[in-house]
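# Architecture and fold: a report
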Amino acid sequence: MESPLDTETAKKMTWFDRIAHPGQFLMWSRYVLLPLAVGSALLFVLGLWFAFFNSPPDYQMGDTVRIMYIHVPNAWLSQFVYALMAVSAIGTLVWRHPMADVSMKAAAPLGAAFTAMALFTGALWGRPTWGTFWEWDGRMTSTLILLLMYLGLIALWRAFDDQLRAAKIVAVLTLVGAINIPVIKFSVDWWNTLHQPASVFRADGPTMPPEILTPLLVMSLAFTFLFGVLHIVRMRTEIFRRRVKSLERKRALEGAKTS
Amino acid sequence: MIALGPHAAYIIAAYLGVTLITAGIIIWTLADAGRQTSRLAELEAMGVRRRSAAKRGKRI
């Protein structure tokens, strides 16, 4: 089923070409999946233990601070996944790399899910702390736009039978939409907002105590590992899907010739 | 389980929602992977082979 490169071809390729060639990707990625999945599961167990049994309530927000341990990782991934898609879009448009559009397509539904979870948990955290589920401010509105962009890109992929043609159009739109990422990031500095400013990645260091920072970082790693696993599985699936389509086309052509 | 204070319902709803969405996307991803690999195996068992997938630089 999998087709590694033959020795002659492999010798002429750079290390990057080799690991990113679909056949090679299928070969090495299956060995990465199990350690990543086990790592993610262990990090979730550790993170949830910290979150519920080994971290104090916040002095102002009380126990609702525990929502942060799932809100922030999803918010971080909602932007990280889009940035990854933007890099993949450059790979599609500039280098026409065969795996770039596969990566872009595989990441979009995951990005949409992380963004939806960030908005959902943010609303549930906002109600007890700010007194409202939703406010049309810079951070929340730009994150909602991000979700709509993900859904639009997923719909665009599905609108085309020719996935190579779809890839170019999706790549252009992904790059145009990437302007929203710095808007989300700096919205809390540019406009008046209910949302707090950055409190982890700051020039003067995190503003939270280690007993709250630790579960946050562990849960962030757990979700990031989970994204890694799902992205690789979805990329492998996309390669198989394209092979299935090509074989079905071939079979239909052979059938037409013989009849 | 520790006491979650007066806003326990919000905390539980947040974790429950994230669990459901995460489980949903994991199940969907694995089911899709299973469908494609079994269809590919089925086609290969029928003797349909890719022509030149191993050729260097070929778009998939």
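Residues numbered from 1 in each chain as written. Chains lettered and ligands numbered in written order. Predicted model: local features only at pLDDT ≥ 70, side-chain atom pairs only at ≥ 80, totals over all residues.

## Notes on the overall build of chain A
When you go through chain A residue by residue, the secondary structure sums to nine helices and zero strands. Going from the N terminus to the C terminus, chain A shows its helices and strands as α-α-α-α-α-α-α-α-α. Counting only residues that meet the buried cut, chain A has 39% of its 259 residues in that class. Excluding contacts between residues fewer than 6 apart, the proportion of contacts in chain A whose partners are at least 24 apart in sequence is 75%. (Helix = DSSP H or I, 4+ residues; strand = E, 2+ residues; numbered from the N terminus. Buried ≥ 20, exposed ≤ 12 C-beta atoms within 10 Å, placed from the backbone. Contact = placed C-beta atoms within 7 Å.)

## Observations concerning the confidence of the model for chain A
Atom-level detail of predicted coordinates should not be read off regions where pLDDT is low. The share of residues in chain A with pLDDT of 70 or more is 92%, and the mean pLDDT across the chain is 88. In this model residues 1-8 of chain A is a low-confidence stretch, pLDDT under 50, and it forms 18 contacts with partners more than four residues away in sequence or in other chains. (pLDDT = per-residue confidence, 0-100.)

## Digging into the packing of helix 3 (residues 22-53) of chain A against helix 9 (residues 210-258) of chain A
All names here are of chain A. Interaxial distance between helix 3 and helix 9 falls to 7 Å at its minimum, and their mutual angle equals 155°. The angle between helix 3 and helix 9 falls in the class roughly antiparallel. Considering the relative orientation of helix 3 and helix 9, their crossing is left-handed. Tallied by class, the residues present in the contact of helix 3 with helix 9 amount to 22 nonpolar, six polar and one charged. (Axes fitted to C-alpha atoms, helices over the stretch in contact; angles between N-to-C directions. Parallel < 35°, antiparallel > 145°, perpendicular 65-115°, else oblique. Left-handed = near helix turned anticlockwise from the far one by under 90°. Nonpolar A, V, L, I, M, F, W, Y, C, P; charged D, E, K, R; others polar.)

## Digging into the nonpolar core
If you look at the biggest cluster of nonpolar residues, it comprises 63 residues, and the most contacted ones within it are Ile67(A), Val81(A), Met104(A), Leu110(A), Met219(A) and Ala14(B). Elements represented by at least two residues in this core include exactly helix 3, helix 4 (68-95), helix 5 (100-130), helix 6 (138-159), helix 7 (163-177) and helix 9 of chain A together with helix 1 (8-45) of chain B. (Core = buried A, V, L, I, M, F, W, Y, C linked by C-beta atoms within 7 Å.)

## Re the interface of chain A and chain B
Often, the extent of an interface is quoted as the loss of accessible area upon association of its parts. If you look at the interface, chain A gives 44 residues, while chain B gives 32 residues. When contributions to the side of chain A that touches chain B are tallied by element, the ones reaching two or more residues are helix 3, helix 5 and helix 9 of chain A. Element by element, the count of residues in the side of chain A that touches chain B is highest for helix 9 of chain A, at 16 residues. Partitioned by chemical class, the residues of the side of chain A that touches chain B number 24 nonpolar, eight polar and 12 charged.

## Focus on the environment of Gly138(A)
All names here are of chain A. Along the polypeptide, Gly-138 turns up in helix 6. Judged by local crowding, Gly-138 falls into the buried class, with 20 C-beta atoms found within 10 Å. Along the primary structure Gly-138 and Asp-189 are separated by 51 residues, whereas in three dimensions their C-alpha atoms are 9.6 Å apart. Leave out the neighbours within four places in its chain, and Gly-138 touches Ser-187, Trp-190, Trp-191 and Thr-193.

## Describing helix 1 of chain B
Between its first and last C-alpha atoms helix 1 of chain B spans 55 Å; for 38 residues at 1.5 Å apiece the expected length is 56 Å, and the two agree. Burial in helix 1 of chain B covers these residues: Tyr10(B), Ile11(B), Ala14(B), Val18(B), Ile25(B) and Gln36(B). Along its buried surface, helix 1 of chain B packs onto helix 4, helix 5 and helix 9 of chain A. A positive phi of about 95° marks Gly47(B), the residue just after helix 1 of chain B. (Expected span 1.5 Å × (residues − 1).)

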